[in-house]
Amino acid sequence: MGIAWVFPGQGSQKVGMAAGVLELPGARERFAAASELLGRDLLAICAGEADGALSDLNDTRNTQPALFVIESLLVDGLKAQGRTADVVAGHSLGELVALYAAGVFDVGTGLALMKTRSELMAAAGGGAMTAVMGFDRGELEALVAANDAVVIANDNSSAQVVLSGSPEAVAAVSGALACKRAIPLAVSGAFHSPFMAEAAAAFSTTLEGVPFSNASIPVLSNTDPTPETNGEALKARLRHQMTTGVRWRETMERFSADGLATTVEIGPGNVLSGLIKRSCEGVSTAQIAGAADLGL
């Protein structure tokens, strides 16, 4: 019976989400460091008070660093209270926070990697993504297999996936699939698909020069949801994350198989907690979104 810390990714952001962490030690300093690195006021962007180019929180170049800052501050707050987890996992960009939580790299390295990752992903445009809910998996997999321009990017649960690929292919598959809902996502590219190959290659080059320590807590990666602590192995998994799907359904299956008692979602919102509640019988959920949730 253990505890998993889980970290949400893009889509969990909301204007005002930083207010709840500003009381945490070092919060303003971390936002200031991130702002200097990015060349824009990240705290103002989170508050919806920024103007001009690159002022939208929903721009992936802002979303990813903002979530990393907030989630890493919450990790530090938990650790300062002597709390820890038996395993960590993150959804998409949340994987980098999971690696930080496991001591694989420091916060400065994490911010630099997030800046590079978000810029590369933002530049790799031309694709589309659509979330589909309530479908027959056999039919879905057959439709995807028959179209080489679309993949399952996020396998979120047995009843929810995100398709990614060319706009035409995504529309064709989601239109042919018998499902309860199909919702096109407001994204700039076909994330977690082969369309990200150029961005992934550039990110891989960046990773070559970044030392990864062995993890102090086992990490379940998006590309391979089995426990891993070896730093080089975790880096190898991260290299492929941009072009392969987020295997969150299998991650949740791992929680159940390993008999975890509790998952704690660290960051804004409760998207991952909702998926876990519907998928993992007997696993309780909790959310840590701000200083108040830490009793501060």
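Residues numbered from 1 in each chain as written. Predicted model: local features only at pLDDT ≥ 70, side-chain atom pairs only at ≥ 80, totals over all residues. Heavy atoms only, no water.

## Points about the overall build of the protein chain
Stated formally: Per the convention used, a helix needs a DSSP run of H or I reaching at least four residues, while a strand needs a run of E reaching at least two, with both numbered from the N terminus. Values of the radius of gyration come from C-alpha atoms, whereas the globule rule sets the reference at 2.2 Å times the count of residues to the power 0.38. Three exposure classes are used, based on accessible area relative to the maximum for each residue type with a 1.4 Å probe and protein chains only: buried under 20%, partly exposed in between, and exposed over 50%. Two residues form a contact once any of their heavy atoms are found within 4.5 Å.
Secondary structure assignment for the protein chain yields 11 helices and 9 strands. For 296 residues, the compact-globule estimate of 2.2 N^0.38 gives 19 Å, and the C-alpha radius of gyration of the protein chain, at 18 Å, lies within 12% of that figure. In terms of overall dimensions, the protein chain has C-alpha extents of about 50 × 50 × 35 Å along its principal axes. Sorting the 296 residues of the protein chain into buried and exposed places 50% on the buried side. For the protein chain, restricting intrachain contacts to residue pairs at least 6 apart in sequence, the fraction spanning at least 24 positions comes to 72%.

## Regarding the sheet that holds strand S6 (residues 179-184)
Stated formally: In this scheme, strands are said to pair when DSSP sees at least two bridges between them. Orientation is described by lines fitted to C-alpha atoms, with helices fitted over the stretch in contact, and by angles between N-to-C directions that extend from 0 to 180 degrees.
Read from one edge to the other, the open sheet built from 4 strands follows the order S4-S5-S3-S6, with strand pairing classed as antiparallel. Edge strands, defined here as strands with exactly one partner in the open sheet, are strand S4 (150-157) and S6. Each strand of the sheet is rotated relative to its neighbour by a mean of 20°, with strand direction disregarded. As defined by bridge partners, S4 adjoins strand S5 (residues 160-165) across 6 bridges and the pair is classed as antiparallel. Among the inter-strand pairings, Val 151 is bridged to a residue of S5, identified as Ser 164.

## Overview of the sheet that holds strand S9 (residues 284-288)
Taken in spatial order, the 5 strands line up as S7-S2-S1-S8-S9 in an open sheet, and their pairing is parallel. Lying at the two open borders of the sheet, with one neighbouring strand each, are strand S7 (219-220) and S9. In this structure, strand S2 (residues 87-90) lies alongside S7, joined through 2 bridges in parallel fashion. What sits directly across from Val 88, in S7, is Val 219. Along the sheet, helix H3 (residues 60-80) contacts strand S1 (3-7), strand S8 (262-266) and S9; its crossing angle with S1, the most-contacted strand, is approximately 155°.

## Remarks on unusual backbone geometry
In the Ramachandran plot, Ser 92 falls in the positive-phi region, its phi being about 60° despite a non-glycine side chain. In this fold, Ser 92 is placed in the loop between S2 and helix H4 (94-101). At His 192, a residue that is not glycine, the phi angle is positive and equals roughly 55°.

## Quick notes on the side chain of Arg 237
Rules: Polar contacts here mean pairs of N or O atoms no more than 3.5 Å apart (in protein, one a potential hydrogen donor and the other a potential acceptor; neighbouring residues in sequence count only if both atoms are side-chain atoms).
Tracing the chain through its elements places Arg 237 in helix H9 (residues 231-239). At a separation of 3.0 Å, a polar atom in the side chain of Arg 237 contacts the main-chain carbonyl oxygen of Asp 224.

## Concerning the pattern of salt bridges
A side chain of one charge can pair with a side chain of the opposite charge if their charged atoms are brought near each other. We count it as follows: Salt-bridge detection follows one rule: a side-chain nitrogen of Lys or Arg within 4 Å of a carboxyl oxygen of Asp or Glu.
For the structure on display, the rule yields 10 salt bridges. Among the ionic pairs, Arg 61 bridges to Asp 59, the shortest N-O distance being 2.8 Å. What you see here is one network of salt bridges that share partners, running through Arg 137, Asp 155, Arg 249 and Glu 253.

## Remarks on the nonpolar core
Put simply, the rule is: Throughout, nonpolar core names a set of buried Ala, Val, Leu, Ile, Met, Phe, Trp, Tyr and Cys residues whose side chains join them through atoms within 4.5 Å.
Core analysis: the biggest nonpolar cluster contains 64 residues, and Trp 5, Phe 7, Phe 31, Val 88 and Phe 212 have the highest contact counts within it. Per-element tally for this core: the top contributor is H3, with 9 residues. Apart from residues lying up to four places away in sequence, Trp 5 is in contact with Val 75, Leu 78, Lys 79, Arg 83, Thr 84, Ala 85, Val 87, Val 88, Ala 89, Ala 101, Val 264 and Ile 266. One finds Trp 248, Phe 255, Ile 276 and Cys 280 within the second-largest nonpolar core, a separate group that totals 15 residues.

## Topic: the packing of aromatic side chains
So the rule is basically this: Only rings of Phe, Tyr and Trp enter the pairing, Trp through its six-membered ring, and a pair is recorded when the two centres are within 6.5 Å. The plane angle decides the type: under 30 degrees is stacked, over 60 is edge-to-face, the rest tilted.
The full count for this structure, using the stated rule, is 3 aromatic pairs. Look at Phe 105 and Phe 212: their rings are 5.4 Å apart centre to centre, the planes differ by 65°, and that puts the pair in the edge-to-face class. Placement of Phe 105 in the loop between H4 and helix H5 (107-123) and of Phe 212 in the loop between helix H8 (197-208) and S7 is noted, with a sequence separation of 107 residues between them. For the pair Phe 105 and Phe 212, one class covers both residues: buried.

## Some thoughts on the pairing of strand S3 (residues 128-135)
Of all the 8 residues making up S3, 7 are buried; the element is thus mostly covered by neighbouring parts of the structure. Here S3 pairs with S5 via 6 bridges, running antiparallel. The residue of S5 that forms the bridge with Ala 128 is Gly 165. Bridging between S3 and S6 involves 5 bridges; their strand directions are antiparallel. If you follow Ala 131 over to S6, its bridge partner there is Ile 183.

## Quick word on H3
Put simply, the test is: Expected helix span is computed as 1.5 Å times (number of residues minus one).
Compared with an ideal rise of 1.5 Å per residue, which puts 21 residues at 30 Å, H3 spans 30 Å between its outermost C-alpha atoms and is within 8% of the ideal. When you tally the buried positions in H3, you get 17 out of 21 residues, the bulk of the element. Where H3 ends, the next residue or the one after it, Gly 82, has phi of about 80°, a positive value.

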